[in-house]
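Close look at the chain arrangement
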There are 2 protein chains.
Amino acid sequence: MSADPTITAFRRSPDRGRGLARDMRVRWALEEVGQPYDVRLVSFFEMKEAQDRARHPFGQIPTFEAGDLVLFESGAIVLEIARRHLGLLPADAEGQSRAIAWMFAAIGTVEAPIVEREQAGYLERDRPWFADRQSLLDARIRGRLGDLSNWLGDAAWLDGPFSAGDLLMVTVLRRLEGTNILEAYPNLATYVARGEARPAYARAFAAQKAVFDASHKEDSHAN
Amino acid sequence: MSADPTITAFRRSPDRGRGLARDMRVRWALEEVGQPYDVRLVSFFEMKEAQDRARHPFGQIPTFEAGDLVLFESGAIVLEIARRHLGLLPADAEGQSRAIAWMFAAIGTVEAPIVEREQAGYLERDRPWFADRQSLLDARIRGRLGDLSNWLGDAAWLDGPFSAGDLLMVTVLRRLEGTNILEAYPNLATYVARGEARPAYARAFAAQKAVFDASHKEDSHAN
């Protein structure tokens, strides 16, 4: 049995290998700190089954298992990796606290309206109110991005050196891919590109893309 | 100058003193660990001004200031308090990691659809789609609560002894007050009541209520 941690990820990611599923955050964090890991692929069905519910109370990916520890919630997993290894949190206590604040900001404040927009795309696309609602949601997202853009200014990262806060924020902002919302904030678009240019990001992206390509190949053979 | 930390809270909370604003979480955490604190009351206008933006990039309450550290995001502030004092995180490393996972679950997974429902109440009440949307949102909230209820079972707290994860989850579930959604999950209703019965909760609730009562009295005098 390997001593490396094991994470879960979608066997066939609904994002078609674009690295938007939440395992990407954990892969990226592990690559930043140089920690090898194993991946257990799960189907949507398996994810909701009792065995996986014991790992993740809300039946989602990713989970993180290392020794006796079983964790869920991508933010908590990234923080766990950051606490176990050097490289994702500043060395000083105050810098660490600020980086953790940005982790919560990424997930609680910025991601929430973005996820809401995605949900509307899944659940309300055929409803008569879809276009009007989309405008409301876009305005809320723009409110958050305007604040974030003002804060970032021409800095490279949100609060000093690259941290787990930036890692989460970049993955959150990437969820706007395919919309034209981010383009109105050039410094945020550059910020995302800066994250994507990190070698650890590239390795994580390639790893999740390989999973999708393999599942896609299986599909093609079956057809 | 006081050496106690200073938090920000609404001068006139829109919840009319029901303890649903996010300063309640921070007050409760400080009361649990026995740390006295000062409060700086801000109006909605002041919160959005440049001086407060320097403290909170998204122009919200609460913030937390202690020495040179300025923090925002209620989840991060509660975690900071939990890291500085005994009483809000288990003593063992794995228990701590699990408690932090529940903090992220409270804010990222459970609170998000609840906030969405509140937002719809503010922004979409006069729209023709309001009732239909409300049903969709209620179903999403019920999905999360069903998972949470199954996880909790007949345990007192989510993962061992009371932790910062429970503190956040109780405050998140309290946001459903005034709906009948929580009542369908008796173990969750009891869980919330269990949190509210803690002496530290009662002290925090009284402190925020006193702020509202004072502002209300000012209003009465002005009329």
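**Considering the overall build of chain A**
Counting its secondary structure elements, chain A contains 9 helices and 4 strands. Listing the helices and strands of chain A from first to last along the sequence gives β-α-β-α-α-β-β-α-α-α-α-α-α. Taking 223 residues into account, the globule formula puts the C-alpha radius of gyration at 17 Å, and chain A, at 18 Å, falls close to it. For the C-alpha atoms alone, the extent of chain A along its principal axes is close to 50 × 50 × 30 Å. Within the span of chain A, comprising 223 residues, buried residues form 55% of the whole. Of all intrachain contacts in chain A linking residues separated by at least 6 positions in sequence, the fraction that spans at least 24 positions is 69%. Summing over all exposed atoms, chain A offers an accessible surface of approximately 9600 Å²; the carbon and sulfur share of this is 52%. In chain A, the 28 positive side-chain charges and the 32 negative ones have mean positions that sit 3 Å from each other.

**Here we look at the confidence of the model for chain A**
The predicted model of chain A averages 93 in pLDDT, with 97% of residues at 70 or higher. Across the predicted assembly, pTM comes out at 0.95 and ipTM at 0.95.

**Overview of the sheet that holds strand β3 (residues 63-66) of chain B**
All names here are of chain B. The strand order across the open sheet built from 4 strands is β2-β1-β3-β4, with neighbouring strands paired in mixed fashion. Both outer strands of the open sheet, β2 (38-42) and β4 (69-72), are each paired with one neighbouring strand and no more. For this sheet the average axis-to-axis angle between neighbouring strands, irrespective of direction, equals 25°. Here strand β1 (residues 6-10) runs beside β3; their pairing, made up of 2 bridges, is antiparallel. Looking across to β3, one finds that isoleucine 7 is bridged to phenylalanine 64. Across the face of the sheet, helix α4 (residues 74-84) comes into contact with β3 and β4 while running at roughly 130° to β4.

**Some points on the environment of B:Asp38**
Within the element layout of this structure, B:Asp38 appears in strand β2. Residues B:Asp38 and B:Leu86, 48 residues apart in the sequence, show an inter-C-alpha distance of 20 Å.

**Notes on the packing of aromatic side chains**
Residues and elements named next belong to chain A. Taken as a whole and assessed by the stated rule, the structure comprises 17 aromatic pairs over all chains. Aromatic pair tryptophan 28 and tyrosine 201: ring centres 4.9 Å apart, planes at 85°, arrangement edge-to-face. Taken together, the residues span a long stretch of sequence, with tryptophan 28 in helix α1 (residues 23-33) and tyrosine 201 in helix α9 (residues 199-222) at a distance of 173 residues. Since its relative accessible area comes to 4%, tyrosine 201 is described here as buried.

**With respect to the nonpolar core**
In this structure, A:Leu145 and B:Leu145 are the most contacted members of the largest nonpolar core, which totals 114 residues. Setting aside residues up to four positions removed in sequence, A:Leu145 forms contacts with A:Val110, A:Leu173, A:Leu176, A:Ile181, A:Leu182, A:Tyr185 and A:Leu188.

**Some thoughts on the relation of the copies chain B and chain A**
When chain B is fitted to chain A, the best match, at an RMSD of 0.0 Å, comes from turning it 180° and sliding it 0.0 Å along the axis. Put plainly, the chains are arranged around a two-fold axis. Interface overlap between copies: 100% of the residues of chain B at the interface are likewise at the interface in chain A, consistent with a symmetric, same-surface contact.

**Structural notes on the interface of chain B and chain A**
Tallying the contact residues gives 45 residues for chain B and 45 residues for chain A. Per-residue buried area on chain B facing chain A is highest for B:Phe58, B:Phe104 and B:Trp129; these three make up 17% of the total on that side. The residue A:Asp147 makes a salt bridge to B:Arg53 at a minimum N-O spacing of 2.8 Å. Across the contact surface, chain B and chain A share 14 residue pairs in polar contact (both at pLDDT 80 or more). Elements with a contribution of two residues or more to the side of chain B that touches chain A: α3 (50-55), β4, α4, α5 (93-123) and α6 (130-152) of chain B. Looking at the side of chain B that touches chain A, the element that brings in the most residues is α5(B), giving 17 residues.

Reading guide: rules and limits
- Residues numbered from 1 in each chain as written.
- Chains lettered and ligands numbered in written order.
- Predicted model: local features only at pLDDT ≥ 70, side-chain atom pairs only at ≥ 80, totals over all residues.
- Heavy atoms only, no water.
- Helix = DSSP H or I, 4+ residues; strand = E, 2+ residues; numbered from the N terminus.
- Rg over C-alpha atoms; globule rule 2.2 N^0.38 Å.
- Buried < 20%, exposed > 50% of the residue type's maximum accessible area, 1.4 Å probe, protein only.
- Contact = heavy atoms within 4.5 Å.
- Areas by Shrake-Rupley, 256 points an atom, 1.4 Å probe, with all protein chains shown as cover.
- Lys, Arg positive; Asp, Glu negative; His and termini not counted.
- Charge placed at Lys NZ, Arg CZ, Asp CG, Glu CD.
- pLDDT = per-residue confidence, 0-100.
- Pairing = 2+ DSSP bridges.
- Axes fitted to C-alpha atoms, helices over the stretch in contact; angles between N-to-C directions.
- Phe/Tyr/Trp six-rings, centres within 6.5 Å; stacked < 30°, edge-to-face > 60°.
- Core = buried A, V, L, I, M, F, W, Y, C linked by side-chain atoms within 4.5 Å.
- Least-squares fit on C-alpha atoms with pLDDT ≥ 70 in both.
- Buried area = accessible area lost by both parts, 1.4 Å probe.
- Salt bridge = Lys/Arg side-chain N within 4 Å of Asp/Glu carboxyl O.
- Polar contact = N/O pair within 3.5 Å; in protein donor to acceptor, adjacent residues only side chain to side chain.

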